[in-house]
Amino acid sequence: MAETGHSVLVADVLADVLEEVRERVDRREALGEAQIAVLEAALNIVRAGQAGFEGLPLERSELVREALGAVRAATVATGVALTLAHQRARMLA
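Rules used in this analysis
Residue positions within a chain follow its written sequence, with the count starting from 1. In view of the model being predicted, local features appear only for residues whose pLDDT reaches at least 70, and side-chain atom pairs are presented and counted only at 80 or more, with totals across whole chains, interfaces and linings using the full set of residues. Water and hydrogen atoms play no part in the side-chain values, which are based on all heavy atoms of the structure. For every residue, the predictor states its confidence as a pLDDT score lying anywhere from 0 to 100. Strands are runs of DSSP state E lasting at least two residues, helices are runs of H or I lasting at least four, and both sets are numbered from the N terminus onward. By convention a nonpolar core is built from buried Ala, Val, Leu, Ile, Met, Phe, Trp, Tyr and Cys residues, the set being connected through side-chain atoms within 4.5 Å. Per-residue accessibility, obtained with a 1.4 Å probe over protein chains only, is compared with the maximum for each type, and a residue is labelled buried under 20%, exposed over 50%, and partly exposed between these values. In what follows, residue pairs with any heavy atoms lying within 4.5 Å of each other are defined as contacts. A side-chain nitrogen of Lys or Arg and a carboxyl oxygen of Asp or Glu constitute a salt bridge if their distance falls within 4 Å. In this scheme, a helix's expected span is set at 1.5 Å multiplied by one less than its residue total. Only the contacting stretch of a helix is used when fitting its axis, a line to C-alpha atoms as for every element, and angles between N-to-C directions run 0 to 180 degrees. Geometric relationships in this document are graded by angle, where less than 35 degrees denotes roughly parallel, more than 145 denotes roughly antiparallel, 65 to 115 denotes roughly perpendicular, and other angles denote oblique. Rotating anticlockwise by less than a right angle from the far helix to the near helix defines a left-handed crossing, while the corresponding clockwise rotation defines a right-handed one. Here the term charged refers only to Asp, Glu, Lys and Arg, the term nonpolar to Ala, Val, Leu, Ile, Met, Phe, Trp, Tyr, Cys and Pro, and the term polar to all other amino acids, Gly among them.

(A) Representation of the confidence of the model for the protein within the structure. For the protein, the mean per-residue pLDDT works out to 91, and 95% of the residues sit at or above 70. By mean pLDDT, helix H1 (residues 4-24) is the weakest element of the protein at 90, and helix H2 (residues 30-48) is the strongest at 96.

Written out as structure tokens, the structure reads:
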């Protein structure tokens with residue numbers, strides 16, 4: 001990701017995918033929230049790694065902080081989804 005053009009392209013693609021997922025996924029469902037949070041984290045990580053942020057440590061650290069928060073949210077949402085899936089499996093067994 002050292003190349004500016006490559007990481008900009010990746011960030012653009014991730015932003016487009018995130019927008020599409022936000023329009024189609026139900027955030028009230030744990031897996032929907034997890035999907036969005038993972039994409040938000042990926043987008044912020046890619047943006048933080050783009051060339052030009054070397055001289056902007058505050059902006060870079062804010063993107064990394066936001067990515068960490070999104071990863072935490074994805075972890076919680078995925079845990080909730082797993083618990084619900086186990087509960088449903090037991091009910092069907």
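Alright, that's what it looks like, and here's the rest.
(B) Up close: the nonpolar core. Formed by Ala11, Leu14, Leu18, Val21, Ile36, Leu39, Leu43 and Val46, the largest nonpolar core amounts to eight residues. Listed by contribution, the elements that provide at least two residues to this core are H1 and H2. Ignoring sequence-local partners within four residues, the contact set of Leu43 consists of Ala11, Leu14, Ala15 and Leu18.

(C) Region of the structure containing the environment of Gln50. Note that Gln50 resides in the loop between H2 and helix H3 (57-92). Along the primary structure Gln50 and Arg65 are separated by 15 residues, whereas in three dimensions their C-alpha atoms are 16 Å apart. When residues no more than four places from it in sequence are discounted, the contact partners of Gln50 are Ser7, Val8, Ala11 and Arg60.

(D) Structural view of the pattern of salt bridges. Scanning all chains against the criterion turns up five salt bridges. Two residues, Glu33 and Arg27, come together in a salt bridge whose shortest N-O distance is 2.8 Å. The salt bridge involving Glu62 is made with Arg65; its shortest N-O contact spans 3.4 Å. Of this pair, Glu62 and Arg65 are both found in helix H3, three residues apart, which corresponds to roughly one turn of the helix. On the basis of relative accessible area, Glu62 is assigned to the partly exposed category, the value being 36%. With relative accessibility at 52%, the residue Arg65 sits in the exposed group.

(E) Representation of H2. With 19 residues, H2 should cover 27 Å at 1.5 Å per step; its first-to-last C-alpha distance of 27 Å lies within 8% of that length. When H2 is considered as a whole, its buried residues turn out to be Ala30, Gly32, Ala34, Ile36, Ala37, Leu39, Glu40, Ala41, Leu43, Asn44, Val46 and Ala48.

(F) Expanded view of the packing of H2 against H3. The contact between H2 and H3 brings their axes to 8 Å, and the two run at 160°. In this view, H2 runs roughly antiparallel relative to H3, as classed from their interaxial angle. In the crossing of H2 with H3, the sense of the turn from one axis to the other is left-handed. Looking at the contact of H2 with H3 residue by residue, the class counts come to 18 nonpolar, two polar and five charged.

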